[in-house]
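Okay, here's what each chain looks like letter by letter:
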Amino acid sequence: DDHNKENLFNSLNYDVAAKKRKKDLLNNKAKIQYFHQEKWIYVHKGSTKERHGYCTLGEAFNRLDFSSAILDSRRFNYVVRLLELIAKSQLTSLSGIAQKNYMNILEKVVQKVLEDQQNIRLIRELLQTLYTSLCTLVQRVGKSVLVGNINMWVHRMESILHWQQQLNNIQITRPAFKGTTFTDLPLCLQLNIMQRLSDGRDLVSLGQVAPDLQVLSEDRLLWKKLCQYHFTDRQIRKRLIVSDKGQLDWKKMYFKLIRCYPRREQYGDTLQLCRHCHILSWKGTDHPCTANNPETCSTSLSPQDFINLFRF
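Conventions used here
- Every residue gets a number counted from 1 within its own chain, in the order that chain's sequence is written.
- Owing to the predicted nature of the model, reporting of local features is limited to residues with pLDDT of at least 70; listing and counting of side-chain atom pairs is limited to 80 or more, with chain, interface and lining totals taken over all residues.
- Water and hydrogen atoms play no part in the side-chain values, which are based on all heavy atoms of the structure.
- Counting from the N terminus, the helices are the DSSP runs of H or I reaching at least four residues and the strands are the DSSP runs of E reaching at least two.
- Partly exposed residues are those whose accessible area sits between 20% and 50% of the maximum for their type, while under 20% is buried and over 50% is exposed, using a 1.4 Å probe and protein chains only.
- In this description, contact between two residues means that some pair of their heavy atoms is separated by no more than 4.5 Å.
- Each accessible area is a Shrake-Rupley estimate made with a 1.4 Å probe; only the visible protein chains count as cover when residues are assessed.
- All axes here are fitted lines through C-alpha atoms, helices being fitted over the stretch that makes contact, and every angle between N-to-C directions spans 0 to 180 degrees.
- Oblique is the label for any angle not under 35 degrees, not over 145, and not in the 65 to 115 range, which are roughly parallel, roughly antiparallel and roughly perpendicular in turn.
- Note on convention: the crossing is left-handed when the near helix lies turned anticlockwise from the far helix by less than a right angle, right-handed when the turn is clockwise.
- The way it works is a 1 Å grid over only the protein atoms, where trapped points that fit a 1.4 Å probe form a cavity and open points with protein on both sides within 12 Å along at least five of seven lines form a pocket, and then any residue with an atom within 4 Å of a point lines it.
- Grid points are joined across faces, edges and corners, and a volume is the space filled by probe spheres set on the points.
- Just so you know the grouping, Ala, Val, Leu, Ile, Met, Phe, Trp, Tyr, Cys and Pro go in nonpolar, Asp, Glu, Lys and Arg go in charged, and all remaining residues, Gly too, go in polar.
- Annotation comment: domain bounds sourced from an automatic or database domain assignment.
- For two strands to count as paired, DSSP must find a minimum of two bridges between them.
- Stacked, tilted and edge-to-face are the three classes assigned to paired rings of Phe, Tyr and Trp, where Trp is represented by its six-membered ring and a pair needs centres within 6.5 Å; plane angles under 30 degrees give stacked, over 60 edge-to-face, the rest tilted.
- Look at NZ for Lys and CZ for Arg. If either is within 6 Å of the ring centre and within 35 degrees of the ring normal, a charge sits over the ring.
- The term salt bridge refers to a side-chain nitrogen of Lys or Arg lying within 4 Å of a carboxyl oxygen of Asp or Glu.

Draft legend 1. Structural view of the overall build of the chain. Tallying secondary structure elements over the chain gives 14 helices and 4 strands in all. Looking at the chain residue by residue over its 312 residues, the buried ones come to 39%. Summarising the internal contacts of the chain: among those between residues at least 6 apart in sequence, 66% fall at separations of at least 24. Only carbon and sulfur atoms are counted for the fraction: they give 50% of the accessible area of the chain, which is about 18500 Å².

Here it is, written out as structure tokens:
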């Protein structure tokens, strides 16, 4: 009990500083992006003698350092997936500040992709998901589904369309240096690299680069391993497709399976929850835990697990 009170006391001090910073930002009339830089937060789901209220999804989204996380290649896909899940079903559960913070972080994501010219399709899908959700929500204006003036949301939707146009206008240039290219590698190495791709659409795109790559991208074993990576044997048996030659068509089966079942998700770095002190932080981040072995108390959270953590 003493250890738990110590954790609560440390968290309370952290909350006081966070609330003061939040108040200062709200009172400042200058245009400042609303980003927090906290490395961990205490997740509480009820009122106690030491603490009143509970932690919401919007509060966690505001306080955790997502703006810096998108600059880390290990965390980028995790944050993008979280933004997509929020866009699908959780926008209305966010406070006005959290919704503003969401749009600010999204803008930083888009700018990063425009500069790096990487993950273009991933962000296109995120923007399309968000725009579709907003079209539905804006039609229900007046029913307290979105916080803020309707004109503000229309402006945000126009920003999304502008970002989509910018992504569509990206022209990826061939590197100026002349050296060994992918097609110069032995076929076995090319195939080995292709086996590292976890998205079938990347294989299809790669096959469109050159005729030789087109042949490799149709390799049956390549698509078989991709199906077995993402889906269970039971799921595969339910969606068998036989080609004209009497063989299993693994490529067609893959695209049929992704329409029926969620694909396997893997991330270089994730958020994790300490079961001992209920502190949420990025993996590898030190937090004030009183457990004898804090590493054994941590559970990695997928983006969906993160959202489920705040469902009461």
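Read on for the rest.
Draft legend 2. View of the packing of helix H6 (residues 120–138) against helix H7 (residues 150–168). Where H6 meets H7, the axes come as close as 10 Å, and the angle between the chain directions of the two elements is 155°. One way to sum up the angle between H6 and H7 is to call them roughly antiparallel. Classified by chirality, the crossing of H7 by H6 is left-handed. Counted together, Ile120, Ile123, Arg124, Leu127, Gln128, Leu130, Tyr131, Leu134, Cys135 and Val138 of H6 and Ile150, Trp153, Met157, Ile160, Leu161, Trp163, Gln164, Leu167 and Asn168 of H7 form the full contact between these two elements.

Draft legend 3. Geometry of the layout of surface pockets. A volume near 1300 Å³ is recorded for the largest pocket. Along the walls of the largest pocket sit 35 residues, with Asn77, Leu122, Ser198, Asp199 and Arg263 positioned nearest its centre. Counting only elements with at least two residues in the lining of the largest pocket, the list comes to helix H4 (76–90), H6, helix H9 (200–207) and helix H11 (220–230). Looking at the lining of the largest pocket, its residues break down into 11 nonpolar, 10 polar and 14 charged. Here the lining of the largest pocket spans two domains, since at least three of its residues come from each of domain 1 (60–169) and domain 2 (199–260).

Draft legend 4. Expanded view of the pairing of strand E2 (residues 271–274). Side-chain alternation along E2 places Leu271 and Leu273 on one buried face and Gln272 and Cys274 on a second face that is also buried. Pairing of E2 with strand E3 (residues 279–282) involves 3 bridges; the strand directions are antiparallel. Pairing of Leu271 across the sheet is with Trp282, part of E3. Between E2 and E3, which pair antiparallel in sequence order, lie 4 residues; one of them, His278, sits at a positive phi of approximately 60°. By the bridge criterion, 4 bridges tie E2 to strand E4 (residues 298–301) in an arrangement that is antiparallel. Within the sheet, the bridge partner assigned to Leu271 lies in E4 and is Leu301.

Draft legend 5. Layout of the packing of aromatic side chains. Per the counting criterion, the structure on display carries 12 aromatic pairs. Residues Phe231 and Tyr261 carry aromatic rings whose centres are separated by 6.5 Å and whose planes lie at 55° to one another, so their mutual orientation is tilted. Note that Phe231 is positioned in the loop between H11 and helix H12 (233–238) and Tyr261 in the loop between helix H13 (250–260) and E2, a separation of 30 residues in sequence. Across the pair, exposure class does not vary: Phe231 and Tyr261 are buried alike. Taken together through their ring pairs, the aromatic side chains of Phe61, Phe66, Tyr78, Tyr102, Tyr267, Trp282, Phe306 and Phe310 make up a single cluster. The ring of Phe76 carries the charged tip of Lys112 above its face, separated from the ring centre by 5.0 Å. The cationic tip of Arg156 hangs over the ring face of Trp153; the distance from NZ or CZ to the ring centre is 4.5 Å.

Draft legend 6. Structural view of unusual backbone geometry. Phi at Gln117 is positive, roughly 60°, even though this residue is not glycine. Looking at Gln117, the relative accessible area reads 31%, which means it is partly exposed. Even without being a glycine, Asn119 presents a positive backbone phi close to 60°. Here Asn119 shows up in the loop between helix H5 (96–116) and H6. Owing to a relative accessible area of 34%, Asn119 belongs among the partly exposed residues under this scheme.

Draft legend 7. The pattern of salt bridges, seen in detail. Overall, the coordinates contain 14 salt bridges when judged by the stated rule. Salt-bridge contacts for Arg75 lead to Asp269; the nearest nitrogen and oxygen are separated by 2.7 Å. Taken together, the residues span a long stretch of sequence, with Arg75 in the loop between helix H3 (66–69) and H4 and Asp269 in the loop between H13 and E2 at a distance of 194 residues. Grouping residues by exposure puts Arg75 and Asp269 together as buried. Salt bridges linked by common partners bring Arg121, Glu125, Asp199, Arg201, Asp202 and Arg263 together as one network.

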